[in-house]
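# Topology and contacts: notes
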Amino acid sequence: MSEAEILAARFEADRPHLRQVAQRILGSAHEADDAVQEAWVRLSRSDTSEVGNLTGWLTTVVSRVCLDMLRSRQARREDPAELPVVVAEAADPEQEAVMADTLGPALLLVLDTLNPRERLAFVLHDLFAVDFPQIAEIVGCSPASARQLASRARRRVQGSDPADNGQIARKREIVDAFLAASRGGDFAALLALLDPSVTLRADEAAVAMGTSALSEGPANVAAVFSGRAKALRHAFVDGLPGLVWALQGEPKVAFAFTIDDEDGRVTGIEQIADPSTLAALEIEFG
């Protein structure tokens, strides 16, 4: 099998995932197919010999294509109310039914009220657990700004999607279990809560306090927290369950969790200690 054939086979293996990403960003099956096809064109013209994670690379490419399409759509001032109709007319009814069940017409309409960067940040982070540094690279901003984009979008979505409340409650239970295992030094319980690809990223302020900038893998992340979280408190960080260390009621360090909606495991944790970033976050203890 030639290199071109191997690359084509890899792309076809990733096509269902890429199409799902594009559908949820765009809300249109026809546009999603166009975005995925454009990703293939770019892949076929690129040297990917140094790419370690081709799926991640393709996700970034198709997301950038979708961002351009959203901006073009906004410039044309299309009527967002027409988009769910496009979904209903797609050629693959089974896949479209899955998307409709997951998002719902009301949520699709709310997504269409967001600006392109907010929409992309929300979909990639909340629906596909893409971390904020990668989202920031796609939309062209800092990780902190990417978090704010997703946060603004989430606040609108939570007001329109009753099912989201159930997800928030489930994520709170997972963070509660994580905190209990951390405080008790239960290493095995921590490992069970962490995704195999989990990462713990710390900002520069946290690194200055003595934290590693990046810890990867369940064992390394669990080692950071095991027996060392007694001062942490439950909090909602930009509307999602997280943990905070506070001094006299003032947040000094926040831990923002990314949790996979399907298997309930933690895929990413951001340790935020920069005062300006903390000030921009919405932190509610409880």
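Refer to the structure above for everything that follows.
Here's what I pulled together on the structure shown here. As the structure is a computational prediction, the values presented were derived from the model and not from experiment.

## Re the overall build of the protein
Scanning the protein for helices and strands turns up 14 helices and seven strands. Within the protein, contacts between residues at least 6 apart in sequence are counted, and of these 65% link residues at least 24 apart. Counting every atom, the protein has about 13600 Å² of accessible surface; 51% of that belongs to carbon and sulfur.

## Details of the nonpolar core
In terms of nonpolar packing, the biggest core is built from 42 residues, with I25, A35, V62, L120, L124 and I135 touching the most fellow members. Breaking this core down by element, the ones donating at least two residues are α1 (3-26), α2 (29-44), α3 (54-76), α6 (105-111), α7 (116-128), α8 (132-139) and α9 (143-158). It is α3 that provides the largest number of residues to this core, a total of nine residues. Membership of the second largest hydrophobic core comes to 25 residues, among which are A206, A222, L232 and A273.

## Here's the deal with the sheet that holds strand β7 (residues 283-285)
Each strand in a sheet pairs with another by means of backbone hydrogen bonds, the pair being arranged parallel or else antiparallel. What the seven strands build is an open sheet, ordered β2-β1-β6-β5-β4-β3-β7; its pairing is mixed. The sheet is open, and its two borders are formed by β2 (214-216) and β7, each paired with just one other strand. Across the sheet, the axes of successive neighbouring strands diverge by a mean angle of 25 degrees, strand direction being ignored. Judged from the five bridges that link them, strand β3 (residues 233-237) and strand β4 (residues 240-247) form a sheet pairing that is antiparallel. Residue pairing for β4: H234 is matched across the bridge by L243.

## Thoughts on the packing of α1 against α7
With their axes 9 Å apart at the nearest point, α1 and α7 run at an angle of 130 degrees to one another. What the angle tells us is that α1 and α7 run oblique. The element α1 and its partner α7 pack so that their crossing is right-handed. Facing α1, whose interface residues are H17, Q20, V21, R24, I25 and L26, α7 presents R119, L120, V123, L124, L127 and F128. Looking at side-chain class alone, the contact of α1 with α7 contains eight nonpolar, two polar and two charged residues.

## Structural notes on the environment of L43
Considering the arrangement of structural elements, one finds L43 in helix α2. Excluding anything up to four places from it in sequence, L43 contacts L7, F11, T48, L54, W57 and L58.

## Things to note about the packing of α1 against α2
Two numbers describe how α1 lies on α2: the axes approach to 8 Å, and their chain directions differ by 140 degrees. In terms of their interaxial angle, α1 and α2 are classed as oblique. When the axes of α1 and α2 are compared, the crossing they make is right-handed. Within the contact between the two elements, α1 uses L7, A8, F11, R15, L18, R19, A22, Q23 and L26 and α2 uses A29, E31, A32, D33, A35, V36, Q37, A39, W40 and L43. For the contact of α1 with α2, the class distribution of residues is 13 nonpolar, two polar and four charged.

Rules used in this analysis
Residues numbered from 1 in each chain as written. Predicted model: local features only at pLDDT ≥ 70, side-chain atom pairs only at ≥ 80, totals over all residues. Heavy atoms only, no water. Helix = DSSP H or I, 4+ residues; strand = E, 2+ residues; numbered from the N terminus. Contact = heavy atoms within 4.5 Å. Areas by Shrake-Rupley, 256 points an atom, 1.4 Å probe, with all protein chains shown as cover. Core = buried A, V, L, I, M, F, W, Y, C linked by side-chain atoms within 4.5 Å. Buried < 20%, exposed > 50% of the residue type's maximum accessible area, 1.4 Å probe, protein only. Pairing = 2+ DSSP bridges. Axes fitted to C-alpha atoms, helices over the stretch in contact; angles between N-to-C directions. Parallel < 35°, antiparallel > 145°, perpendicular 65-115°, else oblique. Left-handed = near helix turned anticlockwise from the far one by under 90°. Nonpolar A, V, L, I, M, F, W, Y, C, P; charged D, E, K, R; others polar.

Geometric values such as these leave the question of function open.
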